[in-house]
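Observations on chain architecture
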Amino acid sequence: MGDWPGHRFALAFGGIVLLVWLVVMAVTMRLAALPPEAPGPLLAVFEPGMNEDEMFARIIAAKGKPVRGTALGFVWIVQGEEAGLAGRLEAEGAIGTYSELPFNASLAGCFAFADAKLAEAFSVRP
Amino acid sequence: MTDQSLAKPTPWYYLPAVIIVAGCIVAMINFGVRSSFGFFTGPISEAHGWPRETFSLAMALQNLLWGVATPIAGAFADRYGSARVLIAGALFYAAGTALMAGAASPLMLHLTGGILIGIGIAASSFGIVMAAFARLVPPEKRSWAFGIATAAGSMGQAIFAPLGGVLVPAFGWYQALLILAACSLLIIVFALPLMAQNSSKSARPAGETEMSMRAAIKAAFGNRSYNLLTAGFFVCGFQLAFITIHLPPFLREHGISNEFAGIAMSAIGFFNVIGSYYSGIIGGKYAKRIPLSIIYVLRSAAIVTFILLPISNVTTLMFTISMGLLWLSTVPLTMGLVTVMFGTRYMATLYGFVFLSHQVGSFFGVWLGGRLYDQFGSYDPVWWMGAALGLFAALVHLPIREKRSDRFAQAQPA
């Protein structure tokens, strides 16, 4: 047998695993996004840094009821029984909508933001 | 022509780096898939109209079987080689997970999600992987290999748990379970390079004495150091299981938000990877019982500091980071001590019994956590119990004789 690997190998292996995980998570997150016709309750992810009042107003404009914010300020739990809430929220500027459970709000926020930025980066629109 | 030039080159799948990567991926999948099952409690219970207790009992059975089946799986691994046992374990794991999706009655759920998966986890666990590593890796690299395998298991837990949470809404719980079953089948592919250690008929490694398995188990239980190690690992199981199950409600009770509790629990997973890896390195450089004692003292110190200070986001995060660093860092050192005392021939079996004690500790950690909370209306008695047990574990590791047990040492020629 050849030489046994060491710390650099362990670090590289860990890095590759994380990279593969990020790709798989990103793909799965996209699949987990709610269809436009979905009603609440749901997690709505807005652009990080958006003003709280503005997010509140957009949720109301989408005919949703803001239940509460989460640890990440730009992720809101939104109630609303009328079909199409997810689509209306996206039309009002939400970058992603996800089923409330068993999702972790922080996870939804991070991946929806990354997904939106990637989509923007590779967009063919001028 | 020399013998060397006639020797066949090592196939790529038996190269050291391939063996380590394959073993680590097995550990990752084994630990990862089971860490996702919590996400199925709600969906499965609601779909069948079962109380949550039904699913909880299946998971409790799974943990019990995991503990009980580990020494048995270890015995098979010592007899027939780790790779074969890992492959059998993967089949049990995948069958249990897939059949759990179709379980139409509580009994079926308990048989599949509880018993089949429990056996599968035991037979494809990192203990079996580490037994293969111990036989393949040179002694000076052994502790590092235990460390990286444990770290990989921890990483599996950290990466599969959020993935499981996304799979359920993305595909629905039924298909998500089938995807996880397919993931556990991957263990078969990654077990193949470990065929390099195919100790069919339990060949006696060089320098180890001739002894039957039964005699080895008897001799180990007659060894004071082994019993002390087993007693210490009970504490590890007690502390970890108590924290895993009861820390989130404890945090909620003290006004910590669910989201922050989730972040804090993830910190355990992340820092566990670092702690496990470094514990393997430390175990390769110093006497293993000393860092093991220090780990238990530090756990007790972390628990006492946490419960004496006012609970806040900062103290919660400090606690979970500290516990993460100390979480599975006991494993490479404990496994290393088993190898030092008894050699590699029966190590999977003998580690299996030590691990059984860990699982008994887990049971008591979870059960007493709930029982004493109901009695006293507070988790404080169990926190103090955990801290006291940590000191007990620190003390019992100190007298361990870190050398080959007399019965297992090969007689030297006169």
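Residues numbered from 1 in each chain as written. Chains lettered and ligands numbered in written order. Predicted model: local features only at pLDDT ≥ 70, side-chain atom pairs only at ≥ 80, totals over all residues.

**So, the overall build of chain A**
Our working rule: Under the DSSP-based scheme used, a helix requires at least four consecutive residues in state H or I and a strand at least two consecutive residues in state E, with every element numbered from the N terminus. Counting other C-beta atoms within 10 Å of each residue's C-beta, where C-beta atoms are placed from the backbone, gives the exposure class: buried for 20 or more, exposed for 12 or fewer, partly exposed between.
The number of helices and strands found in chain A is four helices and four strands. Reading the secondary structure of chain A in the N-to-C direction produces α-β-α-β-β-α-β-α. The buried share of chain A, reckoned over its 126 residues, is 35%.

**Here's the deal with the sheet that holds strand S4 (residues 96–99) of chain A**
All names here are of chain A. As a reminder, the rule being used: By definition, two strands form a pair when at least two bridges between them are found by DSSP. A fitted line through C-alpha atoms serves as each axis, taken over the contacting stretch for helices, and the angle formed by two N-to-C directions is quoted from 0 to 180°. With C-beta atoms placed from the backbone, a contact is any residue pair whose C-beta atoms sit within 7 Å.
Pairing in this open sheet of four strands is antiparallel, and the strands run S2-S3-S1-S4 from one edge to the other. Edge strands, defined here as strands with exactly one partner in the open sheet, are strand S2 (65–69) and S4. The average angle at which neighbouring strand axes cross in this sheet is 35°, direction not considered. Pairing between strand S1 (residues 42–45) and strand S3 (residues 75–79): four bridges, direction antiparallel. By the bridge assignment, Leu 42 is partnered in S3 with Val 78. Each of S1, S2 and S3 touches helix H2 (residues 52–61); the most contacted strand, S3, lies at about 30° to it.

**Comments concerning the domain arrangement of chain A**
How big an interface is tends to be reported as the loss of accessible area on association of its parts. Rule in force here: For the purposes of this description, domain bounds are those given by an automatic or database domain assignment. For this classification, Asp, Glu, Lys and Arg are treated as charged, while Ala, Val, Leu, Ile, Met, Phe, Trp, Tyr, Cys and Pro are nonpolar and the rest, including Gly, are polar.
The domain boundaries assigned to chain A delineate domain 1 (1–32) and domain 2 (33–121). In terms of residue class, the side of domain 1 of chain A that touches domain 2 of chain A is made up of four nonpolar, no polar and one charged.

**Some remarks on helix H12 (residues 258–285) of chain B**
Basically, it comes down to this: The length a helix should cover is 1.5 Å for every residue beyond the first. Fitting axes to the seven residues ending at a residue and to the seven starting there, one defines the bend at that residue as the angle between these axes.
Here H12 of chain B spans 41 Å end to end across 28 residues, near enough to the 40 Å set by a 1.5 Å rise per residue. Maximum bend of H12 of chain B: about 30°, positioned at Phe 271 of chain B.

**Things to note about helix H2 (residues 16–35) of chain B**
A rise of 1.5 Å per residue sets the reference length of H2 of chain B, with its 20 residues, at 28 Å; its end C-alpha atoms lie 29 Å apart and thus fit the reference within 8%. In terms of burial, H2 of chain B is a largely internal element, 18 of the 20 residues being buried.

**Focus on the confidence of the model for chain B**
Defined as follows: Known as pLDDT, the predictor's confidence for each residue is given on a scale from 0 to 100.
For chain B, the mean per-residue pLDDT works out to 90, and 95% of the residues sit at or above 70. Two numbers describe this predicted complex: its pTM, 0.87, and its ipTM, 0.84.

**As for the pairing of S2 of chain A**
All names here are of chain A. Judged from the four bridges that link them, S2 and S3 form a sheet pairing that is antiparallel. Each bridged residue has a counterpart across the sheet, and for Lys 65 the counterpart in S3 is Gln 79. Two successive antiparallel strands, S2 and S3, enclose a turn made up of five residues.

**A look at the environment of Glu 208 of chain B**
Mapped onto the secondary structure, Glu 208 of chain B falls in the loop between helix H9 (173–191) and helix H10 (213–221). Taking the C-alpha atoms as reference points, Glu 208 of chain B and Gly 222 of chain B, separated by 14 residues in sequence, lie 18 Å from one another.

**Quick look at the environment of Asp 115 of chain A**
Residue and element names in this part refer to chain A. Relative to the helices and strands, Asp 115 resides in helix H4 (residues 105–121). For the pair Asp 115 and Ile 60, spaced 55 residues apart in sequence, the C-alpha separation works out to 25 Å. When sequence neighbours within four positions are dropped, the list of residues in contact with Asp 115 reads Ala 26, Met 29, Arg 30 and Gly 96.

**Here we look at the packing of helix H5 (residues 82–101) of chain B against H9 of chain B**
All names here are of chain B. Quick note on the threshold: Orientation labels follow simple angle bins: below 35 degrees gives roughly parallel, above 145 gives roughly antiparallel, 65 to 115 gives roughly perpendicular, and whatever is left gives oblique.
Their axes nearest at 8 Å, the elements H5 and H9 cross at an angle of 175°. On the basis of their axis angle, the class for H5 and H9 is roughly antiparallel. Of the residues in H9, those touching H5 at Ala 83, Leu 86, Ile 87, Gly 89, Ala 90, Tyr 93, Ala 94, Thr 97, Ala 98, Met 100 and Ala 101 are Tyr 174, Leu 177, Leu 178, Leu 180, Ala 181, Ser 184, Leu 185, Ile 187, Ile 188 and Ala 191. Here the residues of the contact of H5 with H9 are counted per class, giving 18 nonpolar, three polar and no charged.

**Some points on the domain arrangement of chain B**
Residue and element names in this part refer to chain B. What the domain assignment lists for chain B is domain 1 (15–196) and domain 2 (213–407). Here the C-alpha centroids of domain 1 and domain 2 sit 21 Å apart. Counting from both sides, the interface comprises 31 residues of domain 1 and, opposite them, 32 residues of domain 2. If you list the elements that add at least two residues to the side of domain 1 that touches domain 2, you get helix H4 (52–80), helix H7 (126–136) and helix H8 (139–171). Per element, the largest residue contribution to the side of domain 1 that touches domain 2 is 14 residues, and it comes from H8.

**A few points about the interface of chain B and chain A**
At the junction of the two partners, chain B supplies 30 residues and chain A supplies 28 residues. Counting residues per element, the ones that place at least two in the side of chain B that touches chain A are H2, H8 and H12 of chain B. Residue classes in the side of chain B that touches chain A are distributed as 23 nonpolar, five polar and two charged.

**Here's the deal with the environment of Asp 406 of chain B**
Summarising the element assignment, Asp 406 of chain B is placed in the segment after helix H17 (380–397). In sequence terms Asp 406 of chain B and Thr 330 of chain B are 76 residues apart; their C-alpha atoms lie 25 Å from each other.

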